[in-house]
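Each chain, letter by letter, is given below.
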Amino acid sequence: MSLHNYSQKFKEIETPFYYYDIDLLKATLTEAQKQLGKGPYQIHYAFKANFNRRILNEILQFGFGADCVSGNEVRKAIEVGFDPQHIVFAGVGKTDKEIKIGLQNDIFAFNVESIEELKVLNELAGALGKKARFALRINPNVDAGTHEYITTGTRDNKFGITVTELVAALPLIRSLAHTEFIGIHFHIGSQITDLSKFELLIEKCNQVQSLLVEQGFSLPHVNVGGGLGIDYENPKDHLMADFKGYFDRFKKDLHLYPGQRLHFELGRSLVAQCGSLISRVLYIKPAANTHFMILDAGMTELIRPALYRSFHYIENLTSIKERRIYDVVGPICETSDTFTKGMSLPITERGDIIAIRSTGAYGEVMASHYNLREVAPSIYSDDF
Ligand code: LLP
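Quantities reported herein were computed from a predicted structural model and do not represent experimental measurements. (Residues numbered from 1 in each chain as written. Predicted model: local features only at pLDDT ≥ 70, side-chain atom pairs only at ≥ 80, totals over all residues. Heavy atoms only, no water.)

Student: What's the story with the overall build of the protein in this structure? I'm lost.
Tutor: The helix and strand tally for the protein stands at 11 helices and 16 strands. For 384 residues, the compact-globule formula gives about 21 Å, and the C-alpha radius of gyration of the protein, at 22 Å, lands near that figure. Based on the C-alpha atoms only, the size of the protein along its principal axes is roughly 70 × 40 × 40 Å. Contacts in the protein between residues at least 24 apart in sequence constitute 73% of all its contacts with a sequence separation of at least 6. With the model as given, the accessible surface of the protein reaches about 16600 Å², and the carbon-plus-sulfur share is 50%. (Helix = DSSP H or I, 4+ residues; strand = E, 2+ residues; numbered from the N terminus. Rg over C-alpha atoms; globule rule 2.2 N^0.38 Å. Contact = heavy atoms within 4.5 Å. Areas by Shrake-Rupley, 256 points an atom, 1.4 Å probe, with all protein chains shown as cover.)

Student: Mind showing me how you'd approach helix 8 (residues 197-214) here?
Tutor: Between its first and last C-alpha, helix 8 extends 27 Å over 18 residues, near the 26 Å set by a 1.5 Å rise per residue. For helix 8, the full list of buried residues reads F198, L201, I202, C205, V208, Q209 and L212. Considered in projection along helix 8, the buried side chains sweep an arc of 130° and stay on one side of the axis. As for helix 8, its buried residues are in contact with helix 7 (163-175), strand 7 (179-185), strand 8 (221-223) and helix 9 (243-253). (Expected span 1.5 Å × (residues − 1). Buried < 20%, exposed > 50% of the residue type's maximum accessible area, 1.4 Å probe, protein only. Arc of directions from axis to C-beta.)

Student: In this structure, what is going on with the domain arrangement of the protein? I would like to understand it.
Tutor: Looking at the assigned domains, one finds that the protein contains domain 1 (3-17 + 273-383) and domain 2 (22-272). Each of domain 1 and domain 2 has a C-alpha centre, and these two points are 33 Å apart. Contact with domain 1, which involves 22 residues of that partner, is made by 26 residues of domain 2. Of the roughly 2300 Å² buried at the junction of domain 1 and domain 2 (both faces included), carbon and sulfur atoms supply 55%. It is Q273, C274 and Y362 in domain 1 that bury the most area against domain 2; as a group they hold 30% of the surface buried on that side. (Domains from an automatic or database assignment. Buried area = accessible area lost by both parts, 1.4 Å probe.)

Student: What's the story with unusual backbone geometry in this structure? I'm lost.
Tutor: Excluding glycine, a negative phi dihedral is what most residues carry, and trans is how most peptide bonds are arranged. With an omega dihedral of -5°, the bond running from T15 to P16 counts as a cis peptide bond. Inspection of the secondary structure puts P16 in the loop between helix 1 (7-12) and strand 1 (17-20). In this structure, D106 takes a positive phi of about 50° despite not being glycine. Position of D106 among the secondary structure elements: in the loop between helix 5 (96-104) and strand 5 (109-112).

Student: Explanation requested: the environment of A287 in the structure shown.
Tutor: Tracing the backbone through its elements, the reader meets A287 in the loop between strand 10 (275-286) and strand 11 (291-295). Owing to a relative accessible area of 31%, A287 belongs among the partly exposed residues under this scheme. A C-alpha to C-alpha distance of 51 Å links A287 and N111, two positions 176 residues apart in sequence.

Student: Honestly, the site of the ligand in this entry has me stumped. Any pointers?
Tutor: What surrounds the ligand is a group of 19 residues, the closest being S190, E265, R304, Y308 and Y362. One nitrogen or oxygen atom from the side chain of E265 is found 2.7 Å from a nitrogen atom belonging to the ligand. Measuring from an oxygen atom of the ligand, one finds a side-chain N or O atom of R304 at 2.6 Å. The residue inventory of the shell around the ligand, partitioned by class, reads six nonpolar, seven polar and six charged. Both of domain 1 (3-17 + 273-383) and domain 2 (22-272) provide at least three residues apiece to the shell around the ligand. (Near = heavy atom within 4 Å. Polar contact = N/O pair within 3.5 Å; in protein donor to acceptor, adjacent residues only side chain to side chain. Nonpolar A, V, L, I, M, F, W, Y, C, P; charged D, E, K, R; others polar.)

Student: Please clarify how the packing of helix 7 against helix 8 should be interpreted in this entry.
Tutor: Two measures define how a pair of helices packs: the angle their axes make with one another and the distance between the axes. At a closest axis distance of 12 Å, the pairing of helix 7 and helix 8 adopts a crossing angle of 15°. As judged from the angle between their axes, helix 7 and helix 8 are roughly parallel. Considering how the two elements wind past one another, helix 7 and helix 8 form a crossing that is right-handed. Judged by residue contacts, V163, L166, V167 and L170 of helix 7 engage V208, L211 and L212 from helix 8. Residue composition of the contact of helix 7 with helix 8, grouped by class: seven nonpolar, no polar and no charged. (Axes fitted to C-alpha atoms, helices over the stretch in contact; angles between N-to-C directions. Parallel < 35°, antiparallel > 145°, perpendicular 65-115°, else oblique. Left-handed = near helix turned anticlockwise from the far one by under 90°.)

Student: Where do I start with the sheet that holds strand 8 in this structure?
Tutor: Each strand in a sheet pairs with another by means of backbone hydrogen bonds, the pair being arranged parallel or else antiparallel. Within the closed barrel, the eight strands sit side by side as 2-3-4-5-6-7-8-9. Their pairing is parallel. The sheet shows a mean angle of 30° between the axes of neighbouring strands, direction not considered. Those strands touched by helix 5 are strand 4 (87-89), strand 5 and strand 6 (132-137), and its axis lies near 150° from that of strand 5. (Pairing = 2+ DSSP bridges.)

Student: Please explain the packing of aromatic side chains as it appears in this structure.
Tutor: Given two aromatic rings, one states the distance between the centres and the angle between the planes to describe the pair. Considering all chains together, one arrives at 22 aromatic pairs under this definition. Judged by centre distance (6.0 Å) and plane angle (50°), the ring pair of F10 and F384 falls under tilted. Remark: F384 occurs in the segment after strand 16 (378-380) and F10 occurs in helix 1; sequence separation between them is 374 residues. Site record: aromatic cluster; members linked through ring pairs are F198, F243, Y246, F247, F250 and F264. (Phe/Tyr/Trp six-rings, centres within 6.5 Å; stacked < 30°, edge-to-face > 60°.)

Student: Just checking my understanding: could you explain the pattern of salt bridges for this structure?
Tutor: Pairs can form between side chains of opposite charge whenever their charged atoms are close. This model, assessed by the stated rule, comprises 14 salt bridges. In this structure, the salt-bridge partner of E58 is R54, at a minimum N-O distance of 2.6 Å. With E58 and R54 both in helix 3 (residues 53-60) and four residues apart, the pair spans about one turn of that helix. We classify E58 as buried; its relative accessible area is 10%. Between D253 and K252 there is a salt bridge; the shortest N-O distance is 3.3 Å. (Salt bridge = Lys/Arg side-chain N within 4 Å of Asp/Glu carboxyl O.)

Here it is, written out as structure tokens:
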């Protein structure tokens, strides 16, 4: 249902809050599962995108695994009901304590990001009398063409190891007694809308696979990470990511060896469009070349525009007047606390309700209490 239909209800609720359209979430998960299709494929939901309990409960119904990047995410995934046998644990800086959480829970795999980490994993597994399954994260030196802060697969990024390092580490990998090498892992970046970038990853992945086969390794798992982008500019017309285009590329071009399973770690594409940040207009302030629309939500509720200058579509849910140009800003004492500049919106007044769209991923999970702000609550479409 259009957000405009809820404008009167939203007016009665204290703002700001995150609003989630549960029907859209379910429809998106259904579409992702349908396009993934049958076969040796598995989606691990990237917890970092949104670990709101209600959202997780919906995702659980689809039998996806979990992609975690901290010990607390691993704990939470298990606590809410994800099967440890479908949990992967990535991150360049896992602490000993976090590694032990993964070991004690016998998670499916550690996505190991350095040779030093592998040695520590082997040592800690040995001390606990366990054998740790791991995939090595390979840095394929592929530019995903997305924002530099969320590009992860080039030589300049801290993630994974190079193919040269992988080859050099093979004797060590063979010698470790408390670890089991079960796969390779990649993740080239996030918010990738040019799907041809994934072809570069697929090509690298095929090369690494044949290299490992030549060296006598037959690994049961390949994990290509996440990164599928969504349409922030025009969410109304593109409520869903191109799951078909994305999965089909991998199914067609990535060479799987007999018995291999292909894993994906999707975050944003599953949850972004179902969320909106709902806010109230506090003041309208005329300025030299614009009008400032000052909201009661700011970078504390949604940091993406301040951090990456990313665009979120903004709607006034309570005004249908003629349009004017606004700079939409938050109340925080930082100039970067700007949602967008020069946006055409209906003439707006104090008290109007504003929806900032596509905030279901990397929205509430990146909130802060800067300025001692209160944590904004979440409201779900089926609460009404
Ligand atoms: N796997 C790994 C290893 C990752 O690092 C990430 C995201 C994902 C999977 C999920 O990627 P997705 O499907 O969501 O693109 N805060 C940023 C995004 C950071 C993404 C970090 N890694 C933003 O707001 O755009």
